[in-house]
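Listed here are the chains, written in short residue letters.
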Amino acid sequence: MIKQLKKKGLDAPAVPFFYILAGVLSIVVSTVFHKDYSDYIWSILYGLIMVAAGAIFIHTSLRGKYKIWDNLLSKITINPSAKVLDLGTGHGMVLLRFAKRLSDNGHATGIDVWRNADQSDNSLENTQQIIAQQQLSHIADVQTADMVNLPFENKKYDFVVSSLAFHNIKQPAARLVALEEAVRVLADNGSLIIVDTGHHKKEYLDALTSMGLVIIEAKTYGFSGWWTGPWMPTYAIIAKRSHS
Ligand SMILES: C[S@@+](CC[C@H](N)C(=O)[O-])C[C@H]1O[C@@H](n2cnc3c(N)ncnc32)[C@H](O)[C@@H]1O
């Protein structure tokens, strides 16, 4: 089962593992060693909350975020000949969703540094294989590149998108550079779509506005986007670059 979960591309796999392990240990230890009924109730409750938080995290990673992207994609118009760049593509969940909507004249590129701490079974070869299995290699490709230093020319892409990758850049200054890079490669009238978690929504909105982008939507999602619970939600920002 763990192997199957890994193969599916579980986000930050250590996090749900830790929550579920801590929860199970708390339940087992308190059941075996409890002396006082009131202590027992609290440690069982703590254990159940930890297990539930881990299960919610796995649900968001394997179902919820897919629903969020399907909802986002149902709201936007994609020209079949569009050029798309997916930042921190991982297993290519967003890349493939765009590629399926493109014609042979369009193209979708995913870049990543392939960190296994951020997504399980994360590698260039694995994602190339997933693209080939979906018979989309003529429309989608992946490359190794860092979001803070994109090897692409200015204004190349009609869509620059990113799913749950920006928060993995821990330094605020580096996150700002990555945002500047995303905007640099965005074509005039192009759309930038950032889905992320953590508590950087205002930081992104302020930075994008100061770079001259128009915010079309900024939405925080409910249960589908909870990473353990409502204190760690998923949000989406759609911003457009006007002609300049
Ligand atoms: C949580 S995973 C999300 C993957 C995918 N976008 C998805 O939603 O399924 C975050 C991804 O961002 C990548 N990443 C982290 N820092 C990066 C950076 N500086 N440049 C490029 N990719 C990065 C990780 O390797 C990982 O694949």
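Everything below is about the structure printed above this text.
All of the points below concern the structure found in this document. (Residues numbered from 1 in each chain as written. Predicted model: local features only at pLDDT ≥ 70, side-chain atom pairs only at ≥ 80, totals over all residues. Heavy atoms only, no water.)

A separate point is the side chain of His91. With respect to the element layout, His91 can be found in the loop between β1 (83-87) and α4 (93-99). Of the residues examined, His91 reaches a relative accessible area of 9% and is grouped as buried. At 2.7 Å, the side chain of His91 forms a polar contact with the backbone oxygen of Ser120. From its side chain, His91 meets the backbone oxygen of Asp121 in a polar contact 3.0 Å long. Excluding its chain neighbours within four sequence positions, the residues that come into contact with His91 are Lys6, Lys7, Lys8, Gly9, Leu96, Gln119, Ser120, Asp121, Asn122, Asn126, Thr127 and Ile130. (Helix = DSSP H or I, 4+ residues; strand = E, 2+ residues; numbered from the N terminus. Buried < 20%, exposed > 50% of the residue type's maximum accessible area, 1.4 Å probe, protein only. Polar contact = N/O pair within 3.5 Å; in protein donor to acceptor, adjacent residues only side chain to side chain. Contact = heavy atoms within 4.5 Å.)

Close to the ligand lie 21 residues, the nearest being Lys65, Gly88, Asp112, Asn122 and Ser163. Taking Lys65, its side chain carries an N or O atom lying 2.5 Å from an oxygen atom of the ligand. Take Trp114: an N or O atom from its main chain is 3.5 Å from an oxygen atom of the ligand. Relative to its unbound accessible area of 590 Å², the ligand is 96% covered by the protein chains. Looking at the shell around the ligand residue by residue, the class counts come to 8 nonpolar, 7 polar and 6 charged. (Near = heavy atom within 4 Å. Areas by Shrake-Rupley, 256 points an atom, 1.4 Å probe, with all protein chains shown as cover. Nonpolar A, V, L, I, M, F, W, Y, C, P; charged D, E, K, R; others polar.)

Side-chain pairs of opposite charge can arise whenever the charged atoms involved come near each other. One pass over the full model with this rule turns up 10 salt bridges. The shortest N-O distance in the salt bridge between Asp188 and Arg241 comes to 3.9 Å. Placement of Asp188 in strand β5 (residues 186-197) and of Arg241 in strand β7 (residues 234-241) is noted, with a sequence separation of 53 residues between them. On the accessibility criterion, Arg241 (15% relative accessible area) is buried. A salt bridge links Lys202 to Asp206; the shortest N-O distance between them is 2.7 Å. (Salt bridge = Lys/Arg side-chain N within 4 Å of Asp/Glu carboxyl O.)

Here we come to the sheet that holds strand β2 (residues 107-112). Spatially, the 7 strands line up as an open sheet ordered β3-β2-β1-β4-β5-β7-β6, and their pairing is mixed. At either margin of the open sheet sits one strand with a lone partner, and together these are β3 (140-144) and β6 (213-220). Looking at each pair of strands side by side, their axes are set apart by 15° on average, direction ignored. In this sheet, β2 lies alongside β1 in parallel orientation, the contact comprising 5 bridges. Each bridged residue has a counterpart across the sheet, and for Leu85 the counterpart in β2 is Thr109. Contacts from helix α6 (residues 172-184) reach β1, β4 (157-163), β5, β6 and β7, with the element oriented near 145° to β5. Of the strands in this sheet, β5, β6 and β7 touch helix α7 (residues 201-210), which is tilted by about 165° from β6. (Pairing = 2+ DSSP bridges. Axes fitted to C-alpha atoms, helices over the stretch in contact; angles between N-to-C directions.)

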